[in-house]
Amino acid sequence: MGRAAYFFFLTGFPALAQSLGNAGTIEGTVLDPSGAAVAGAQVTISNPVSGYKQAVTSAAEGAFRLVNIPPNPYHLEVTAPGFSAFFQDVAIRGGVPLELRPTLVLAGSQTSITVEAAGADILENTPSAHVDVDRSLMIKLPVFDPAANLSESIVYTTGGAVADANGFFHPQGDHGQVSFLIDGQEISDQQSKLFSTQLPTNAIQGMETTTGTPDAEFGDKSSMVIQMTTRSGLGAGKVFGNVDATYGSFGTAGGSASIGFGNARFGNFIAVNGLRTGRFLDAPEFTPFHDAGNNGSIFDRFDYQPGTRDVFHLNLFTARNWFQIPNSYDQLGQDQHQRVLTWSIAPGYQHTFNPHTLLSVNPYIRKDQVNYYPSGDLFADTPATQSQNRQLLNWGVKADVSVTAGRHNMKYGIDLKQTRLLENFGFGITEPGFSADYPGLLPYDLTRGGRLFAFHETGNINQYALYAQDAITAGNFLFNLGFRFDGYDGLVSRSGPQPRLGVSYNVKGTATVLRAAYARAFETPFNENLLLSSATGVGGLAGNVFGSTSVAISPGFRNQFNAGLQQALGRWLLIDADYFWKYTHNAYDFSTLLNTTITFPIAWHNSKIDGVTGRVSTTNLRGFQAYWTFGHTRARYFPPETGGLVPQGAPLTSGVFRIDHDQAFQSTSVLRYQHKDAEWVAFTWRYDSGLVVSGVPDAGAALIILTPNQQTTIGLACGGVRATPANPLTPANCAGPVTSTLLALPQGGYNGTPSQENDDHNPGRVLPRHVFNVGVGTDNLFHAEHRKMTASMDIENLTNEVALYNFLSTFSGTHFLQPRTVVARVGFVF
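Below is a short write-up of the structure. (Residues numbered from 1 in each chain as written. Predicted model: local features only at pLDDT ≥ 70, side-chain atom pairs only at ≥ 80, totals over all residues. Heavy atoms only, no water.)

**A look at the overall build of the chain**
Okay, so step 1: A tally of helices and strands in the chain yields six helices and 45 strands.
Okay, so step 2: The C-alpha radius of gyration computed for the chain amounts to 27 Å, which stays within 12% of the reference 28 Å derived for 830 residues, consistent with globular compactness.
Okay, so step 3: Counting only C-alpha atoms, the chain reaches 95 × 60 × 50 Å along its principal axes.
Okay, so step 4: For the chain, buried positions account for 60% of its 830 residues.
Okay, so step 5: When the accessible surface of the chain is summed, it comes to about 29,400 Å², and 60% of that surface belongs to carbon and sulfur atoms.
Okay, so step 6: Of note, the chain has its 53 positive side-chain charges centred 4 Å away from the centre of its 65 negative side-chain charges. (Helix = DSSP H or I, 4+ residues; strand = E, 2+ residues; numbered from the N terminus. Rg over C-alpha atoms; globule rule 2.2 N^0.38 Å. Buried < 20%, exposed > 50% of the residue type's maximum accessible area, 1.4 Å probe, protein only. Areas by Shrake-Rupley, 256 points an atom, 1.4 Å probe, with all protein chains shown as cover. Lys, Arg positive; Asp, Glu negative; His and termini not counted. Charge placed at Lys NZ, Arg CZ, Asp CG, Glu CD.)

This is the structure:
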């Protein structure tokens, strides 16, 4: 497609509306044995694994309509006075409405049942591994991360997510290649609280997190695809909502309110959230210094359905994060802070041509604005001072047609978008002698008469994609065939064809689903600070005089293979396991600027990643429900590296190495019990074996490059004698062995002893950690019939475990897990 044609097509669409994404609809008419309509029948769908449930009452003509249903298999139950119950298993896998005509039989006759054999009804015959999560689980997870509870929900429910600091996680061994689809609005830019503002969890009805091979409709960043369905007032028939207040550790105070209302034709839902805390970010010390922050957000969803064929929809979202940049003991005089503003407008339109054909059109426009402010005294910032004013404006349209025909479930569409970038950045060295080893920094050394580095640039990233996919049912087989073509026109121009193929087989006799899939993916660079990072060349600004060289960070491609299975044990237990292998040319990461929250995208020549992810889940057993997720990742990266500015810690390796997404094992155990929709208790156990530490390769480096405060922070010791700020360890006073209470450092590298460190097979790592959280509460404090009082208390890091996410990481910096945190809530639900 030519550039002129592309922009003509793109600019012709903003007035159209957006679909409801992949959320589904079930509609039909309840009939009696004679074929007459049954009014007042209760129609209910539920999923015993995710916990989702929705119910409606059939109208006078027997008609019913269940809307905004997250993709999943469901039990459907129809009951009415004088009739036996009707049961049927149904599956929602797209937006095409599912039409049913349940026929009830008279009471005393045989119950009407159309269901699978025991165990098979909780299986999903699909070629791609995924996890389904309902809000009933999200709101009771005893986790607390200001402005990042969505990220916490993903980490605590998905085995393939490796936890990192500040609401960040690594999907399937990659850095942050995650795409969100919110009611059809695609967002592939970074969503952690340093870059943007996340959708609050009280606005989400459910989400499907795909960790296997992506369908053809998903591209750009596809290591993990998260499809979210937000809450709606359409069809509610009443006013509902809540008001609550929060107070907890570190002076945390806040609250939220939501209200929804609607009928069969229109609905509206709005959620308002606000929070202030003394520990907003994960700090470089266990005790946070200079770490206050606040977050506020407003989300509104409006739906209008004038008839049976058309649905209009509008999502509005605006949010703000303001926070201080936490200091280490070496930076107690700094006063840096950051502000993040986000707004989004996403209208929507959906038209049903007939019971088998659905048109969805999803235009959107959203903006992230990030301001980073230095201290009032620039020389109070160490070892450098920096400032930033960055904007990312993303707008486009995603439109497709879904068709069901016999064995085929087809979708074909387009995805057009433009990202407008504005970058202003200032930088200067304030620590004497720091620039001695970095020739590219000498002109900006303020201690030697240098000047502030000043950068200003704008640029547009234009992208288009065409895709087609077909899920073909053939007996117990399901074949998923797809093809996608992406075009990228930014600092460089690239395009790529991407075949997708998956197959699954339902072994009904054993309640087993076997699956395998392949995907070719076109990977695009991170947009945040892309312009400046692409101007610094191989090795970044520290290794080059600015302007002497530049290498634009280009799109890459990936070959991905997955194989896995699902196994049901009766109706009560579901086991899911998946193996993945990914080879990526142009593998992306971020390089953190010294000890700040500012990051720059970088690219490595290639990466090889493989691992295993899985989940064991129970259904609801008389109020008790549990699951266990697990994951293992090997992430090997190969130089050379392009982009970045000034990393911290030891220089990066010149050969293959394990990057800090590599973790031998992580797991999450969650146990919940709720008594009759009132009192509940939840318990989580999170284990992480430890990420790779890139900034301190071995014991010798710890003795040489770490400051006395840094040695004290990680509990560095030599022969059992601990380092202190007044008495640091050096090669001159240490004969070994060198140990740390927080890091596993390979020995050697000092006083002539050879280092035992190997970048690929024996890198330094964060020590393993066990973190326990507990929550108790009630959804009906006074056991009222309608208006209910709620109360809860969560304790995160129950044992006050002192542990690190990482230390002096080139890619993410130094961050401690939060100390023991207690948060109490009280609310009113109507």
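**Some thoughts on the sheet that holds strand β7 (residues 98-100)**
Okay, so step 1: The strand order β4-β1-β7 describes an open sheet built from three strands, whose pairing is mixed. Looking at which strands have only one partner, the edges of the open sheet turn out to be β4 (63-69) and β7. If you compare each strand with its neighbour and ignore which way they point, the axes differ by 15 degrees on average.
Okay, so step 2: Note: strand β1 (residues 24-29) against β4, five bridges, orientation antiparallel. Residue pairing across strands places Thr29 opposite Ala63, the latter belonging to β4. (Pairing = 2+ DSSP bridges. Axes fitted to C-alpha atoms, helices over the stretch in contact; angles between N-to-C directions.)

**Comments concerning a nonpolar patch on the surface**
Okay, so step 1: Together, Trp572, Leu621, Phe624, Leu671, Tyr673, Val681, Phe683, Trp685, Val776 and Met793 give the surface a local cluster of nonpolar side chains, amounting to about 830 Å² of exposed area.
Okay, so step 2: If you list the elements that add at least two residues to the nonpolar patch, you get β34 (663-675) and β35 (679-688).
Okay, so step 3: Counting residues per element, the nonpolar patch draws most heavily on β35, which supplies three residues.
Okay, so step 4: Looking at where Val776 falls in the secondary structure, it is placed in strand β41 (residues 769-778).
Okay, so step 5: Using a relative accessible area of 38% as the deciding quantity, one classes Val776 as partly exposed. (Patch = residues over 30% accessible without salt bridge, like charges linked within 9 Å, V, L, I, M, F, W, Y side chains within 5 Å. Salt bridge = Lys/Arg side-chain N within 4 Å of Asp/Glu carboxyl O.)

**Here we look at unusual backbone geometry**
Okay, so step 1: Here the amide bond leading from Thr382 into Pro383 is cis, since omega sits at 0 degrees, within 30 degrees of zero.
Okay, so step 2: Here Pro383 lies in the loop between β22 (357-373) and β23 (384-405).
Okay, so step 3: For the peptide bond that leads from Gly736 to Pro737, omega is -5 degrees, which places it in the cis range.
Okay, so step 4: Looking at the element boundaries, Pro737 is found in the loop between β37 (721-722) and β38 (738-739).
Okay, so step 5: With a phi angle near 50 degrees, Asp183 is a residue other than glycine that sits in the positive phi range.
Okay, so step 6: With respect to the helices and strands, Asp183 occurs in the loop between β12 (178-182) and β13 (185-187).

**Points about the pairing of strand β18 (residues 266-277)**
Okay, so step 1: Note that strand β17 (residues 252-262) and β18 share ten bridges and pair antiparallel. Pairing of Phe261 across the sheet is with Asn268, part of β18.
Okay, so step 2: The turn joining β17 and β18, which pair antiparallel and follow one another in sequence, is formed by three residues.

**Points about the state of the cysteines**
Okay, so step 1: Here the structure, examined in full by the defined rule, presents one disulfide.
Okay, so step 2: Each disulfide pairs two cysteine sulfurs, and for Cys718 the partner residue is Cys734, the sulfurs being separated by 2.1 Å. The chirality of the disulfide connecting Cys718 with Cys734 is right-handed, given an S-S dihedral of about 95 degrees. With a gap of 16 residues between them, Cys718 in strand β36 (residues 717-718) and Cys734 in the loop between β37 and β38 connect regions that are remote in the sequence.
Okay, so step 3: Relative accessible area serves as the criterion here: at 9%, Cys718 is assigned to the buried category.
Okay, so step 4: On the accessibility criterion, Cys734 (2% relative accessible area) is buried. (Disulfide = S-S within 2.5 Å.)

**Let's talk about the sheet that holds β12**
Okay, so step 1: Reading across the sheet, the five strands line up as β9-β14-β15-β12-β13 and stay open at both edges, with mixed pairing between neighbours. One side of each edge strand has no neighbouring strand; the edge strands of this open sheet are β9 (130-134) and β13. In this sheet, neighbouring strand axes are inclined to one another by 15 degrees on average, regardless of whether the strands run parallel or antiparallel.
Okay, so step 2: Where β12 and strand β15 (residues 224-230) come together, five bridges link them in parallel fashion. Across the sheet, Ile182 pairs through a bridge with Met228, a residue of β15.

**Some remarks on the pattern of salt bridges**
Side-chain pairs of opposite charge can arise whenever the charged atoms involved come near each other.
Okay, so step 1: According to the stated counting rule, one finds 29 salt bridges in the structure shown.
Okay, so step 2: A salt bridge links Lys417 to Asp220; the shortest N-O distance between them is 2.7 Å. With Lys417 in strand β24 (residues 408-429) and Asp220 in the loop between β14 (204-210) and β15, the pair connects residues that are 197 residues apart, well separated along the chain. Neither Lys417 nor Asp220 differs from the other in exposure class; each is buried.
Okay, so step 3: For Asp610, the salt bridge is made with Arg634, and the minimal N-O distance between the two is 2.6 Å. Highlighted residues: Asp610 in strand β31 (residues 599-618) and Arg634 in strand β32 (residues 624-643), separated in sequence by 24 residues.
Okay, so step 4: When its relative accessible area of 10% is taken as the criterion, Asp610 is described as buried.

**Regarding the nonpolar core**
Okay, so step 1: By size, the foremost hydrophobic cluster in this structure holds 39 residues, and its most contacted members are Phe323, Phe425, Phe427, Phe453, Leu532, Leu593 and Phe600.
Okay, so step 2: When contributions to this core are tallied by element, the ones reaching two or more residues are β22, β23, β24, β25 (453-474), α4 (530-533), β30 (573-592) and β31.
Okay, so step 3: With four residues, the single largest contributor to this core is β24.
Okay, so step 4: Judged by nonpolar contacts, the second largest core, of 37 residues, contains Ile154, Ile204, Met228 and Val771. (Core = buried A, V, L, I, M, F, W, Y, C linked by side-chain atoms within 4.5 Å.)

**Quick look at the packing of aromatic side chains**
Okay, so step 1: One pass over the full model with this rule turns up 27 aromatic pairs.
Okay, so step 2: Taken together, the ring pairs connect Phe425, Phe427, Tyr444, Phe453 and Phe600 into an aromatic cluster.
Okay, so step 3: In this structure, Lys193 packs its charged tip against the face of Phe280, placed 5.0 Å from the ring centre.
Okay, so step 4: Directly above the ring of Tyr627 sits Arg615, whose terminal nitrogen or CZ lies 4.0 Å from the centroid. (Phe/Tyr/Trp six-rings, centres within 6.5 Å; stacked < 30°, edge-to-face > 60°. Lys NZ or Arg CZ within 6 Å of the ring centre and 35° of its normal.)

**Section: the pairing of strand β45 (residues 821-829)**
Okay, so step 1: Relative to β45, strand β16 (residues 240-248) is paired through seven bridges, and the arrangement is antiparallel. Residue Asp244 lies in a different strand from β45, and its bridge partner there is Gly827.
Okay, so step 2: Where strand β42 (residues 788-796) meets β45, nine bridges bridge the pair, whose relative direction is antiparallel. Across the sheet, the residue bridging to Ser792 is Arg825, located in β45.

**Details of the environment of Gly254**
Okay, so step 1: Mapped onto the elements, Gly254 comes out in strand β17.
Okay, so step 2: Assessed through its relative accessible area of 23%, Gly254 is described here as partly exposed.
Okay, so step 3: Setting aside anything within four residues of it in sequence, one finds Gly254 in contact with Ala245, Thr246, Gly274 and Leu275. (Contact = heavy atoms within 4.5 Å.)

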